[in-house]
Amino acid sequence: MGIKAALPRYELYLYTAVLGVALIWAGSWIFEASSENVNRKAFKESVKPGWHYFGRKMDVADFEWMMWFSTFRNHILFALTGHVIFAKIFSLLVPKHRSLIFGLYGGLAVLVTMGWTFLALVLSHCIILYSVALVKSRWMCFAAGLATLASIKLEPYNSWQESLVTGSFDLQDILFYGGCGFSIIRCMSFALENCDKKDGNFTFFDLLKYNFYLPFFFFGPIMTFDKYHAQANNTQLTRKEREMWNITTKALLHLGVILMVDVFFHYLYILTIPSDMKLVTKLSDWCLAGLAYSNLVYDWVKAAMMFGVINTVATLDHLDPPQPPKCITMLYVFAETHFDRGINDWLCRYVYDYIGGDHDKIFKELLATFCTFAITTLWLGPCELVYIWSFFNCFGLNFELWVAKFFSLPPFSTIEGAMGEAMSRRIRGVFNAANFWAIVLYNILSLNNLEFAKLVGRRLIVKGFPMSTLSVLLVTYCGVQLIKERERRQALLDDPEPVKAVDGGKEKSRIKQEELGKLTFTDFMVNGPPLTLFRPRPCELQRNQTVTASHHL
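Residues numbered from 1 in each chain as written. Predicted model: local features only at pLDDT ≥ 70, side-chain atom pairs only at ≥ 80, totals over all residues. Heavy atoms only, no water.

Going by what an unreviewed UniProt entry lists, the protein is known as Protein-cysteine N-palmitoyltransferase HHAT-like protein and is assigned to Collichthys lucidus. Within the UniProt record for the protein, the comment given under Sequence similarities (unreviewed entry) is "Belongs to the membrane-bound acyltransferase family. HHAT subfamily." Comment text from UniProt for the protein, heading Subcellular location (unreviewed entry), reads "Endoplasmic reticulum membrane". (UniProt positions renumbered as here; feature names shortened; annotations may be inferred.)

A. Up close: the nonpolar core. Membership of the largest hydrophobic core comes to 127 residues, with the highest contact counts inside it found for W65, F118, I273, W346 and I444. With 15 residues, helix α14 (residues 285–316) is the single largest residue contributor to this core. Residue contributions to this core reach at least three from each of two domains, namely domain 1 (11–46 + 269–494 + 516–546) and domain 2 (72–233). Ignoring anything within four residues of it in the chain, the contact list for I273 reads I30, A33, S34, F43, L279, V280, L283 and L291. Ranked by size, the runner-up nonpolar core spans ten residues in total, among them L19, V475, Y477 and L482. (Core = buried A, V, L, I, M, F, W, Y, C linked by side-chain atoms within 4.5 Å. Buried < 20%, exposed > 50% of the residue type's maximum accessible area, 1.4 Å probe, protein only. Helix = DSSP H or I, 4+ residues; strand = E, 2+ residues; numbered from the N terminus. Domains from an automatic or database assignment. Contact = heavy atoms within 4.5 Å.)

B. Structural context of empty space enclosed by the protein. Scanning the entire structure with this criterion turns up four cavities of 30 Å³ or more. In this structure, the largest cavity spans a volume of roughly 50 Å³. Surrounding the largest cavity, I185, I343, W346, L347, I375, T376 and W379 form its lining. For the lining of the largest cavity, the elements supplying multiple residues, two or more each, are α15 (341–356) and α16 (362–380). Partitioned by chemical class, the residues of the lining of the largest cavity number six nonpolar, one polar and no charged. (1 Å grid on protein atoms, 1.4 Å probe; cavity = no way out; pocket = protein on both sides within 12 Å on 5 of 7 lines; lining within 4 Å. Points joined across faces, edges and corners; volume = space filled by probe spheres on them. Nonpolar A, V, L, I, M, F, W, Y, C, P; charged D, E, K, R; others polar.)

C. Here's a closer look at the packing of aromatic side chains. Counted according to the given criterion, the structure contains 46 aromatic pairs. Just above the ring of W379 sits the side chain of K153; from NZ or CZ to the centre is 5.2 Å. (Phe/Tyr/Trp six-rings, centres within 6.5 Å; stacked < 30°, edge-to-face > 60°. Lys NZ or Arg CZ within 6 Å of the ring centre and 35° of its normal.)

D. Here's a closer look at the UniProt feature "transmembrane region" (unreviewed entry) in the protein. When the UniProt feature table is mapped onto this chain numbering, "transmembrane region" (unreviewed entry) sits at residues 12–31, 75–94, 101–131, 212–230, 251–271, 362–380, 427–445 and 465–483. The span residues 12–31 carries 100% helix and 0% strand; its end-to-end C-alpha distance comes to 28 Å. End C-alpha atoms of residues 465–483 are separated by 26 Å, and the span's content is 89% helix alongside 0% strand.

E. Main features of unusual backbone geometry. Of note, the amide linkage connecting G220 to P221 takes the cis form, showing an omega dihedral of 5 degrees. Tracing the chain through its elements places P221 in the loop between α10 (214–217) and α11 (225–232). Cis geometry marks the peptide bond from P410 to P411, where omega comes out at 5 degrees. When you line up the elements, P411 lands in the loop between α17 (384–407) and α18 (412–418). The backbone phi angle of R242 is positive, close to 65 degrees, even though this residue is not glycine. Within the secondary structure, R242 is located in the loop between α11 and α12 (243–264). Here the phi dihedral of H318 falls at roughly 65 degrees; this positive angle occurs in a residue that is not glycine.

F. Representation of the side chain of D262 within the structure. Position of D262 relative to the elements: it lies in helix α12. For the buried D262, no salt bridge exists, and the shortest N-O distance to an oppositely charged side chain is 6.3 Å, to R73. Here W65 takes part through its side chain, which lies 3.0 Å from a polar atom of the side chain of D262. Excluding residues within four positions of it along the chain, D262 makes contact with W51, M58 and W65. (Lys, Arg positive; Asp, Glu negative; His and termini not counted. Salt bridge = Lys/Arg side-chain N within 4 Å of Asp/Glu carboxyl O. Polar contact = N/O pair within 3.5 Å; in protein donor to acceptor, adjacent residues only side chain to side chain.)

So, in structure tokens, the structure goes:
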């Protein structure tokens, strides 16, 4: 089936209406559960007084969100603002050495924040991996890098290294493991890129300048060495037309979304409710489905906002950082599921694509996914929950390939070829809807807890069959078709279908006006608002074809 297969407009109207009503219905159940149980004893630690003019308590269960946008907001803003000012001044004065300035400022900030023992520990990791990089052996770089990463993820080595860092403050553990973990991953990228360098080696100072870029140091995202080195050493510091307008617009958009999420937490306690299993067992199937889905959407929003803030700073430094992850609402295949595009790009470049090649051979794909998720498991920290998460996501990625191979054989391929493209799209949508909920169930393991994931699966698949199961799948099917419609319209924009027209014997390529000329409510739901609402000039859109391999958790 071609991606440009279209469905009737009235059918899309129906899908939009069904999806909208279902989301409102599920949201009303969550709102009711939140309002009626706000004073439960189990909610005492995670539901605190919120903004006084709302007169409601607020869900504060996510420490990471509160750290970024409430508790330590001023500290983070102070550090990033200092970096922007410092970097801008020296970029104007000595543009040839701006990467050195980035590294010096980052190293000084790390020293002031975490102390000289932590800085010495990070430098020791850099020295070890740089020494191995000089050998120019990929397997030795991987072995040394993974062994170093294991030393901060496994007992007793991680406790011993953590004890070397003196001082005590609320963020110390997070900054320690975040700083060391991302530093090792960056060093591995440096070492692997050095293996591919044919003439000579990169210098140790190249590694330090790359590793101590402050916006990426503690929280990511990961930008592979080849991209950072080329961009940070570029002395042609020019802006594209309207680039500052786009940066400002994105910054304001991030601020608006952050405020909206905080308002949202006053009314829907989506993070606290799943932790109270006594309450969860009493909720309706629709409420459970809404909680599972909203938890994944929120985690994507959180990743997009945190990386969005960092990426805004990196863009001001004339870098092109990894973009935020693809929204979970837009995913219906495991091959595009990821929550951290930086780690995902790293794993794809050095592991998944390197081993899997073109990803159409079953054995090579199995080996590539196994190696990818083995490294991901170590990155996340080996434990029972991570093992289960990795297994199911690895299985899902391979199962997609197996099913695709199976249905590409006769008589299935013959039957699909005989039917219309619209009907083929509908049939595929049914399978994609089931796949979407597999993605949801596999990933709420890592966001909530195993018991909540088992309960949701049991209620929606076993106890809720057939009514709850089929109704949830119907709503999901409507959502999948709207996603496919958005992809179809994007494909038409990227690759307009040629239409023959008599004009001096020449053919003109244009997009049919009836497809893109009319803008309705469904167009906003399916395709989003027009780009011109946010950008005075059209820009080139690229559809990043990535594969799953990671989750920042």
